[in-house]
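Residue-level structural notes
Residue-level listing of the chains:
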Amino acid sequence: MPSWLVVILFAVAFLALFVLGMSLTLIFKGHHIDSEIATNENMRRLGIKCVVAEAMEQQAEEDCAARPCAGDCNSCAKE
């Protein structure tokens, strides 16, 4: 059997196992795997945030620290 045919057969088998695994997850859990950080409840519960949200929070904190506030930096971040 030619080596290129073996490689193609392994790739097709791997793809078939992947599709089967994703299908079983959908069948047993009833929904797709939620890998989006912003919408995954378990990630939010653990305090995991996406990089964009962390950068926006950090930028708001830096902007607030650079300007004098009335003691409430939350009001500065909303401006």
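Computed from a predicted structure; not experimentally measured.

1. Let's talk about the overall build of the protein
If you tally the helices and strands in the protein, you get 4 helices and 0 strands. Reading the protein from its N end, one meets helices and strands in the order α-α-α-α.

2. Let's talk about the pattern of salt bridges
Applying the stated criterion across every chain yields a total of 1 salt bridge. Glu57 serves as the salt-bridge partner of Lys49, at 3.0 Å between the closest nitrogen and oxygen.

3. Focus: a nonpolar patch on the surface
Judged by side-chain polarity, Leu15, Phe18, Val19, Met22 and Ile33 come together as a nonpolar surface patch covering roughly 490 Å² of accessible area. Tracing the backbone through its elements, the reader meets Val19 in helix H1 (residues 3–29). On the basis of relative accessibility, which here comes to 47%, the residue Val19 falls in the partly exposed class.

4. With respect to the confidence of the model for the protein
Confidence along the protein averages 80 in pLDDT terms, with 81% of residues attaining 70 or more. Between the elements of the protein, mean pLDDT differs from a low of 56, seen in helix H4 (residues 73–77), to a high of 91, seen in H1.

Rules and cut-offs
Residues numbered from 1 in each chain as written. Predicted model: local features only at pLDDT ≥ 70, side-chain atom pairs only at ≥ 80, totals over all residues. Heavy atoms only, no water. Helix = DSSP H or I, 4+ residues; strand = E, 2+ residues; numbered from the N terminus. Salt bridge = Lys/Arg side-chain N within 4 Å of Asp/Glu carboxyl O. Patch = residues over 30% accessible without salt bridge, like charges linked within 9 Å, V, L, I, M, F, W, Y side chains within 5 Å. Areas by Shrake-Rupley, 256 points an atom, 1.4 Å probe, with all protein chains shown as cover. Buried < 20%, exposed > 50% of the residue type's maximum accessible area, 1.4 Å probe, protein only. pLDDT = per-residue confidence, 0-100.

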